[in-house]
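In case you want the letters, here they are:
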Amino acid sequence: MKILFLSFFFLATATCKESTTVYLCNSGGGKKYHLITSCRGLSNCSHKLISISLDKARDQGKTLCKWEK
């Protein structure tokens, strides 16, 4: 039982640390990141869409778009 629990714990930890790609509108005032390029929150973006890692987006102070919560 302990081995099964430890295996699950390490598997879950490894999965959470995967690098996830997110999308930003490359404008000066953008505060949100998006999980998909067709997100409703990106419909008004008149700048270039860029993809970065989730960790970098959070490091830049970005938060998840309200349409994707």
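Refer to the preceding data block for the structure.
Residues numbered from 1 in each chain as written. Predicted model: local features only at pLDDT ≥ 70, side-chain atom pairs only at ≥ 80, totals over all residues. Heavy atoms only, no water.

1. Details of the packing of aromatic side chains
How we decide: Only rings of Phe, Tyr and Trp enter the pairing, Trp through its six-membered ring, and a pair is recorded when the two centres are within 6.5 Å. The plane angle decides the type: under 30 degrees is stacked, over 60 is edge-to-face, the rest tilted. As a reminder, the over-ring test applies to NZ of lysine and CZ of arginine, requiring each to be within 6 Å of the ring centre and within 35 degrees of the ring normal.
For the structure on display, the rule yields zero aromatic pairs. The lysine or arginine in question, Arg 40, covers the ring of Trp 67, its NZ or CZ lying 3.7 Å from the ring centre.

2. What to know about the nonpolar core
This is how the line gets drawn: As used in this record, nonpolar core signifies buried Ala, Val, Leu, Ile, Met, Phe, Trp, Tyr and Cys residues forming a set joined through side-chain atoms within 4.5 Å. A simple rule labels every residue: compare its accessible area, found with a 1.4 Å probe on the protein chains alone, to the largest value its type can have, and call it buried under 20%, exposed over 50%, or partly exposed in between. Strands here are runs of E lasting at least two residues and helices are runs of H or I lasting at least four, both read from the DSSP assignment and numbered beginning at the N terminus. What makes two residues a contact is simply this: any of their non-hydrogen atoms within 4.5 Å.
Residues Val 22, Leu 24, Tyr 33, Ile 52, Leu 54, Ala 57 and Leu 64 constitute the largest nonpolar core, which totals seven residues. Elements supplying a minimum of two residues to this core: strand 1 (21-25) and helix 2 (54-59). Excluding residues within four positions of it along the chain, Tyr 33 makes contact with Val 22, Tyr 23, Leu 24, Leu 54, Ala 57, Arg 58, Lys 62, Thr 63, Leu 64, Cys 65 and Glu 68.

3. Topic: a positive patch on the surface
Formally: Put simply, a patch holds well-exposed residues, over 30% relative accessible area, that have no salt bridge, with like charges counted together within 9 Å and Val, Leu, Ile, Met, Phe, Trp or Tyr side chains within 5 Å. With residues, only the protein chains shown are counted as cover, and all accessible areas are computed by Shrake-Rupley using a 1.4 Å probe. Salt bridges are defined as contacts in which a side-chain nitrogen from Lys or Arg sits within 4 Å of a carboxyl oxygen from Asp or Glu. Under the counting rule used here, the positive set is Lys and Arg, the negative set is Asp and Glu, and His together with the chain ends is not counted. In plain terms, the charge of a residue is placed at NZ if it is Lys, CZ if Arg, CG if Asp and CD if Glu.
The grouping of Lys 31, Lys 32, Arg 40, Lys 66 and Lys 69 at the surface amounts to a positive patch. Along the chain, Lys 32 falls in strand 2 (residues 32-33).

4. Description of the state of the cysteines
Using the following cut-off: A pair of sulfur atoms, both from cysteines and within 2.5 Å, is called a disulfide here.
Counting across every chain of the model gives one disulfide. A disulfide bridge connects Cys 25 with Cys 45, and the sulfur atoms are separated by 2.0 Å. The sign of the S-S torsion, about 85°, decides the handedness of the disulfide formed by Cys 25 and Cys 45: right-handed. Residue Cys 25 is located in strand 1, and its partner Cys 45 is located in the loop between strand 2 and strand 3 (49-53); the two are separated by 20 residues in the primary sequence. There is no disulfide at Cys 39, and the cysteine sulfur nearest it, in Cys 65, is 3.8 Å away.

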